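One-letter residues, chain by chain:
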Amino acid sequence: MERITQVKEIIQSSIDTKQQILQDQAMLERMLEVVDAIVNAFQNGKRIYFCGNGGSAADAQHLAAEFSGRFYKNRRALPAEALHCNTSYLTAVANDYSYNDIYSRLVDGIMVKGDVLIGLSTSGNSANIVSAFEVAREKGVITVGFTGITGGIMHSLSDYLFNVPSSITPRIQESHITIGHIICELVEEKYFSI
Ligand SMILES: O=C(CO)[C@@H](O)[C@H](O)[C@H](O)[C@H](O)COP(=O)(O)O
Ligand SMILES: [Zn+2]
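Residues numbered from 1 in each chain as written. Chains lettered and ligands numbered in written order. Predicted model: local features only at pLDDT ≥ 70, side-chain atom pairs only at ≥ 80, totals over all residues.

- The name an unreviewed UniProt entry gives the protein is Phosphoheptose isomerase, with Pinibacter soli as the organism.
- Among the UniProt annotations of the protein, the heading Function (unreviewed entry) holds the following wording: "Catalyzes the isomerization of sedoheptulose 7-phosphate in D-glycero-D-manno-heptose 7-phosphate."
- Taken directly from UniProt, the Subcellular location (unreviewed entry) text for the protein runs: "Cytoplasm". (UniProt positions renumbered as here; feature names shortened; annotations may be inferred.)

Shown next, in the form of structure tokens:
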């Protein structure tokens, strides 16, 4: 394949995935439900946390910073954090216990009922995120899964699921960040207009 053709095909595949989301009324409405759930959580003094591995850890950190920093508006900070950001914690727990425990242990330690946990996993099967969702549900934390098409194990552990219609990891991640940005924009707009 000509390299330029390959480039075009990748871009088209990213567009196609987003086009399918655009036509999925239920998923669009779920974005609004999650916006309302997050605004409700903030109004009740709760917090939002994100977790992911690899590129999805970067996405988790990116999205958390939209809330704790700013998105469009100059406004006060919102309580949001990505769970992998403390390297000392991460390396100790992975070393002394297991990599699979890094997120569930923090969910147990710092999250409370009514907080929101957003887990990003293209497979929906990453053991540390699955485990975090299991602990979250035991505690009454609201779980929001960002996954690929099947949802994997996270499908049955997510109160709200965005199972992007693709099985290609980078294409899924590209739509995760789009959905995440939509949610950030609408949360900021709604919370700071009240
Ligand atoms: O960014 C990418 C691929 O685009 C990779 O770093 C990718 O995130 C890693 O392989 C992850 O470990 C994949 O995990 P997951 O999405 O299945 O939870
Ligand atoms: Zn990537």
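What follows continues from the structure just given.
### Some remarks on the site of ligand 1
For step 1, the next point in the chain: Around ligand 1, the neighbouring residues are Asn 53, Gly 54, Gly 55, Ser 56, Ser 121, Thr 122, Ser 123, Ser 126, Thr 169, Pro 170 and Gln 173.
For step 2, the next point in the chain: Secondary structure elements with two or more residues in the shell around ligand 1: α3 (55-68) and α7 (169-191).
For step 3, the next point in the chain: Ranked by the residues each element gives to the shell around ligand 1, the list is headed by α7, at 3 residues.
For step 4, the next point in the chain: Looking at side-chain class alone, the shell around ligand 1 contains 1 nonpolar, 10 polar and no charged residues. (Near = placed C-beta within 6 Å. Helix = DSSP H or I, 4+ residues; strand = E, 2+ residues; numbered from the N terminus. Nonpolar A, V, L, I, M, F, W, Y, C, P; charged D, E, K, R; others polar.)

### Things to note about the UniProt feature "binding site: substrate" (unreviewed entry) in the protein
For step 1, the next point in the chain: Taken from the UniProt record, the annotation "binding site: substrate" (unreviewed entry) applies to Asn 53, Gly 54, Gly 55, Glu 66, Asn 95, Asp 96, Ser 121, Thr 122, Ser 123, Ser 126 and Gln 173. The greatest C-alpha distance among the residues just named is 32.3 Å, and with 121 residues of sequence between them they are spread in space as well.
For step 2, the next point in the chain: Among the secondary structure elements, Asn 95 is positioned in helix α4 (residues 87-96).
For step 3, the next point in the chain: Residue class for Asn 95 comes out exposed when judged on the 9 C-beta atoms lying within 10 Å of it.
For step 4, the next point in the chain: Secondary-structure assignment places Gln 173 in helix α7.
For step 5, the next point in the chain: Taking the C-beta count within 10 Å as the criterion, Gln 173 has 23 such neighbours and is therefore assigned buried.
For step 6, the next point in the chain: Beyond its immediate chain neighbours, meaning those up to four positions away, Gln 173 contacts Gly 55, Ser 56, Asp 59 and Thr 122. (Buried ≥ 20, exposed ≤ 12 C-beta atoms within 10 Å, placed from the backbone. Contact = placed C-beta atoms within 7 Å.)

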